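Report on the structure
Here is how the chains run, residue by residue.
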Amino acid sequence: MPSGFGGGSSGGSHGGGHFGGSHNRGRSSWGSNQPYRNGSRVNVTPIFFWGGLNRRVNNPDSSDSYTQPTSFGYKLLSLLSVILGLALFACIVVGMISIINISTCKQDYSMYQNMCKHAMDDERFCIQAEVVSHNYNPKYKKWYFNYQMTDGTESYMGYTFCVYTEQEIKEFEIGSTIDVAMDTLFLNATTDSVPLDYYQMDINRDGQYVYYKQLLTIFGILVVVDIAALITVNVFASKMVKKYNENKFNTDLDTNKSSEQASDSAVYCNYCNSKLSPNATTCPHCGASATKK
């Protein structure tokens, strides 16, 4: 729940973004001392595609000399393998994004709980604010409201997280006043704030937190299913490659044997050694008799 200085155009979410509701992490003394990070670079395991070595097959049991089949079935398995690999990559990325958002929600929750407790113990860190508007976040399916804090001369806007149902948001009537906890003794443009009703509120009421927990569960299941499918496709494709090369090797052997047998039954001239037709008895070149070699 940010102060009125930072954030996006609307409100209700942790860490900013399109829906707004961010706050300047790291400037508050309550909670984590680490500065807020807008994102994290994700290292992703490389995807291996189906490839082949186009070399002559000398041994059907030697996998390093295999060639790829050209059948439609093998091409379909190769395409499916690529699609599953890309899907796995996408699931991992979404999972990492979900983990980052869940972690941000937990850090915010701890920080603002401490801020509320400190304001309740020391009233100097508490100020009254006026509810300005109600807003609905369709992504997180929860309501939040904007409020305005005034120090007598300057006014600053604040907004809550998406923690309210439609019925609960009606309890905060527009124009009514609420108690707000601050992280600074005097209100200014860098003050971070949170309504005191957030104190000891269950984190599972936070629409953003619940959204990314559900997303992580769904894509975690998809990762397991995707890996199982990828292994199955690769096993079938490997068997297809081995069968293809075994048949190719046997065909090559039969062709070589036929060539050797044809060479063994050739007829040659006794005199000039010319190769003759299989049924020839005399040489058409010199007239000498023919013999089988």
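Structural data are supplied above this passage.
Here is a short report on the structure shown in this document.

1. Regarding the pairing of strand E3 (residues 155-159)
- As judged from the five bridges shared by strand E2 (residues 142-150) and E3, these two strands associate in the antiparallel manner. Residue Asn146 lies in a different strand from E3, and its bridge partner there is Tyr159.
- Between E2 and E3, which pair antiparallel and follow one another directly, the connecting turn spans four residues, one of which, Gly152, has a positive phi of 110°.

2. With respect to the packing of aromatic side chains
- This model, assessed by the stated rule, comprises eleven aromatic pairs.
- Considering the side-chain rings of Tyr140 and Tyr211, the 5.5 Å spacing of their centres and the 70° angle between planes classify their relative orientation as edge-to-face. Here Tyr140, found in the loop between strand E1 (126-137) and E2, pairs with Tyr211, found in helix H3 (residues 207-264); they are 71 residues apart in sequence, far enough to count as distant.
- In this structure Tyr140 comes out as buried when scored by relative accessible area, which is 8%.

3. Thoughts on unusual backbone geometry
- One non-glycine residue, Lys141, lies in the positive phi region at around 55°.
- Its place among the elements puts Lys141 in the loop between E1 and E2.
- Looking at Lys141, the relative accessible area reads 63%, which means it is exposed.
- The backbone of Gln200 shows a phi angle near 60°, a positive value even though the residue is not glycine.
- In this fold, Gln200 is placed in the loop between strand E5 (193-195) and H3.
- Judged by relative accessible area, which is 61%, Gln200 ranks as exposed.

4. Points about the sheet that holds E3
- One open sheet accounts for five strands, arranged E3-E2-E1-E4-E5; its pairing is antiparallel. Each of the sheet's edge strands pairs with one partner strand only, and the pair in question is E3 and E5. Direction aside, neighbouring strands of the sheet carry axes that sit 40° apart on average.
- Contacting E1, strand E4 (177-182) and E5, helix H1 (residues 72-121) crosses the sheet at an angle of about 80° to E5.

5. As for the pattern of salt bridges
- A full pass over the atoms with the stated rule returns three salt bridges.
- In this structure, the salt-bridge partner of Lys117 is Asp121, at a minimum N-O distance of 3.3 Å. Here the residue Lys117 and the residue Asp121 both occupy positions in helix H1, the gap between them amounting to four residues, near one helical turn.
- Linking Asp122 and Arg124 is a salt bridge whose minimum nitrogen-to-oxygen distance equals 2.9 Å.
- The buried category is assigned to Asp122, whose relative accessible area is 18%.

6. Here we look at the pairing of E1
- By the bridge criterion, five bridges tie E1 to E4 in an arrangement that is antiparallel. Its bridge partner lying in E4, Gln128 is registered against Asp179.
- Pairing analysis gives eight bridges linking E1 to E2, with the strands arranged antiparallel. Its bridge partner being in E2, Asn137 is matched across the sheet by Lys142.
- Count of turn residues in the E1/E2 antiparallel hairpin: four residues, of which Lys141 carries a positive phi of about 55°.

Calculation rules
- Residues numbered from 1 in each chain as written.
- Predicted model: local features only at pLDDT ≥ 70, side-chain atom pairs only at ≥ 80, totals over all residues.
- Heavy atoms only, no water.
- Pairing = 2+ DSSP bridges.
- Helix = DSSP H or I, 4+ residues; strand = E, 2+ residues; numbered from the N terminus.
- Phe/Tyr/Trp six-rings, centres within 6.5 Å; stacked < 30°, edge-to-face > 60°.
- Buried < 20%, exposed > 50% of the residue type's maximum accessible area, 1.4 Å probe, protein only.
- Axes fitted to C-alpha atoms, helices over the stretch in contact; angles between N-to-C directions.
- Contact = heavy atoms within 4.5 Å.
- Salt bridge = Lys/Arg side-chain N within 4 Å of Asp/Glu carboxyl O.

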